[in-house]
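# Structural characterization, general
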Amino acid sequence: MQLIFLGPPGAGKGTQAKIFLERSGIVQISTGDILRVAVSAGTELGLKAKSFMDKGELVPDSVVIGIIEERIQESDCKKGFVLDGFPRTLEQAKALDGILDKLKIALNHVINFEVPDEELVKRLLGRAAAEGRSDDNPESIKNRLKVFKEKTQPLISYYAEKKILRNINGTGSTTEIAEKVKATIGV
Ligand code: AMP
């Protein structure tokens, strides 16, 4: 089963992808996690991505599309995967369609986690304190929410037109939201 977890920063995509992995054995692919590993390792990819990430800007499409194209062909993705934080632009979504077509893989559901802005800011500031993510500062948070609205929000209608969009209210406890995910996709 191939899924996309869509939603603004702080919507709980990563948390829910981890819970889903424990339940189903289907892997989580987070472009944010892959990029953070590259930044801490100081690789060429990390050096390229760091300045964008710190400002809350998107890393160029070509970079993340290349990451995903390679990652989804690894052997642990045979059962399927959850894309967490990808795609984030229409160009990424279209490139993903092309890659999946080529590999003859279908996209089953796009789960769109809906959470009000005030709640997102509260969660992201809380995460900054708990995890110390360098992009969870007020300046970057504000920009990431703006970038989401400008660049990523259009994906909601893109997938609605393809009839694979499933909206989920992302407020409430982690367990409650996990139950809604389960009820929506049936796994
Ligand atoms: P995340 O952990 O998903 O919130 O991602 C953290 C940061 O990594 C984002 O603010 C972007 O700078 C970068 N990033 C992650 N995924 C993408 C993507 N699909 N396209 C562009 N940039 C991304």
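Here the residue index of a chain counts from 1 through its sequence in written order. Predicted model: local features are reported for residues with pLDDT of at least 70 only, side-chain atom pairs are reported and counted for 80 or more only, and whole-chain, interface and lining totals are derived from all residues. Side-chain metrics rest on all non-hydrogen atoms present in the structure, leaving aside hydrogens and water.

Two strands pair if DSSP finds at least two bridges between them. For the purposes of this entry, the term helix denotes a DSSP run of H or I that reaches at least four residues, the term strand denotes a run of E that reaches at least two, and both are numbered from the N terminus. Overall, parallel pairing links the 5 strands, which are arranged S2-S3-S1-S4-S5 in an open sheet. Bordering the open sheet on either side are strand S2 (27-30) and strand S5 (165-169), each of which pairs with just one other strand. In this sheet, neighbouring strand axes are inclined to one another by 25 degrees on average, regardless of whether the strands run parallel or antiparallel. Examined bridge by bridge, strand S1 (residues 2-6) and strand S3 (residues 81-84) share 4 bridges and lie parallel to one another. When the sheet's bridge partners are listed, Phe5 is paired in S3 with Asp84. To obtain an axis, a line is fitted to C-alpha atoms, over the contacting stretch when the element is a helix, and the angle between two such axes runs from 0 to 180 degrees between their N-to-C directions.

To continue, consider the side chain of Gln16. Within the secondary structure, Gln16 is located in helix H1 (residues 13-24). Excluding its chain neighbours within four sequence positions, the residues that come into contact with Gln16 are Phe5, Phe113, Thr174, Ile177, Ala178 and Val181. Whether two residues touch is decided by their heavy atoms; if any such pair falls within 4.5 Å, the residues are in contact.

The residue after Phe86, namely Pro87, is reached through a cis peptide bond having omega -5 degrees. The backbone phi angle of Lys163 is positive, close to 65 degrees, even though this residue is not glycine.

Note on definitions. A residue lies near a molecule or strand when any single heavy atom of the residue is within 4 Å of it. Taken together, 16 residues lie around the ligand, and Thr31, Arg36, Glu57, Gly85 and Gln92 are the ones closest in. Contacts to the ligand include Arg133, whose side-chain N or O atom sits 3.4 Å from an oxygen atom. When the free accessible area of the ligand is taken as 480 Å², the share hidden by the protein chains comes to 96%. With a 1 Å grid laid over protein atoms only, a set of points is called a cavity when a 1.4 Å probe fits there but cannot get out and a pocket when it is open yet has protein on both sides within 12 Å along at least five of seven lines; lining residues have an atom within 4 Å of a point. Molecules are considered to sit inside a cavity or pocket once more than half of their atoms lie within 2 Å of its grid points. Because more than half of its atoms lie within 2 Å of the grid, the ligand is assigned to the largest pocket. The leading source of residues in the shell around the ligand is helix H2 (residues 31-41), at 4 residues. Following the grouping adopted for this structure description, the nonpolar residues are Ala, Val, Leu, Ile, Met, Phe, Trp, Tyr, Cys and Pro, the charged ones are Asp, Glu, Lys and Arg, and the polar ones are all others, Gly among them. Looking at side-chain class alone, the shell around the ligand contains 6 nonpolar, 4 polar and 6 charged residues. Here a polar contact is recorded for every N or O atom pair within 3.5 Å, except that within protein the pair must consist of a potential hydrogen donor and a potential acceptor, and residues adjacent in sequence are included only if both atoms are side-chain atoms. Note on areas: Shrake-Rupley, 1.4 Å probe, and residue coverage restricted to the protein chains presented here.

Glancing now at the pairing of S1. Within S1, 5 of the 5 residues are buried, leaving the element largely enclosed by the surrounding structure. Think of it in three bands: residues with accessible area under 20% of the maximum for their type are buried, residues over 50% are exposed, and the middle band is partly exposed, with areas taken using a 1.4 Å probe on protein chains only. The alternating pattern of S1 places Gln2, Ile4 and Leu6 and Leu3 and Phe5 on opposite faces, both of which are buried.

Now for the packing of aromatic side chains. Two aromatic rings from Phe, Tyr or Trp, using only the six-membered ring of Trp, form a pair when their centres are within 6.5 Å; if the ring planes differ by under 30 degrees the pair is stacked, by over 60 it is edge-to-face, and anything between is tilted. Applying the stated criterion across every chain yields a total of 3 aromatic pairs. With a centroid separation of 5.3 Å and 75 degrees between ring planes, the pair formed by Phe5 and Phe113 is classed as edge-to-face. Residue Phe5 is found in strand S1, and its partner Phe113 is found in strand S4 (residues 109-114); the two are separated by 108 residues along the sequence. Exposure class is identical for Phe5 and Phe113. Each is buried. Plain terms: the ring middles of Tyr158 and Tyr159 are 5.1 Å apart, the flat faces sit at 80 degrees to each other, and that makes the pair edge-to-face.

Looking now at the layout of surface pockets. Grid points are joined across faces, edges and corners, and a volume is the space filled by probe spheres set on the points. Approximately 980 Å³ is the volume found for the largest pocket. If you trace the largest pocket, you find 46 residues lining it, with Pro9, Gly10, Lys13, Arg127 and Arg133 closest to the centre.

The next subject is the side chain of Gln92. Tracing the backbone through its elements, the reader meets Gln92 in helix H5 (residues 90-103). Looking at Gln92, the relative accessible area reads 3%, which means it is buried.

Definition used for salt bridges: Asp or Glu carboxyl oxygen within 4 Å of a side-chain nitrogen of Lys or Arg. Inspection of every chain in the model, using the stated rule, returns 15 salt bridges. The residue Arg71 makes a salt bridge to Asp76 at a minimum N-O spacing of 2.7 Å. Judged by its relative accessible area of 16%, Arg71 falls in the buried class. Through salt bridges with shared partners, a single network forms among Arg127, Arg133, Asp135, Asp136 and Arg144.

The next point concerns the environment of Glu44. Along the chain, Glu44 turns up in helix H3 (residues 44-55). Look at Glu44 and you get exposed, because its relative accessible area is 66%. Put simply, Glu44 and Ile105 are 61 residues apart on the chain and 30 Å apart in space, counted from C-alpha to C-alpha.

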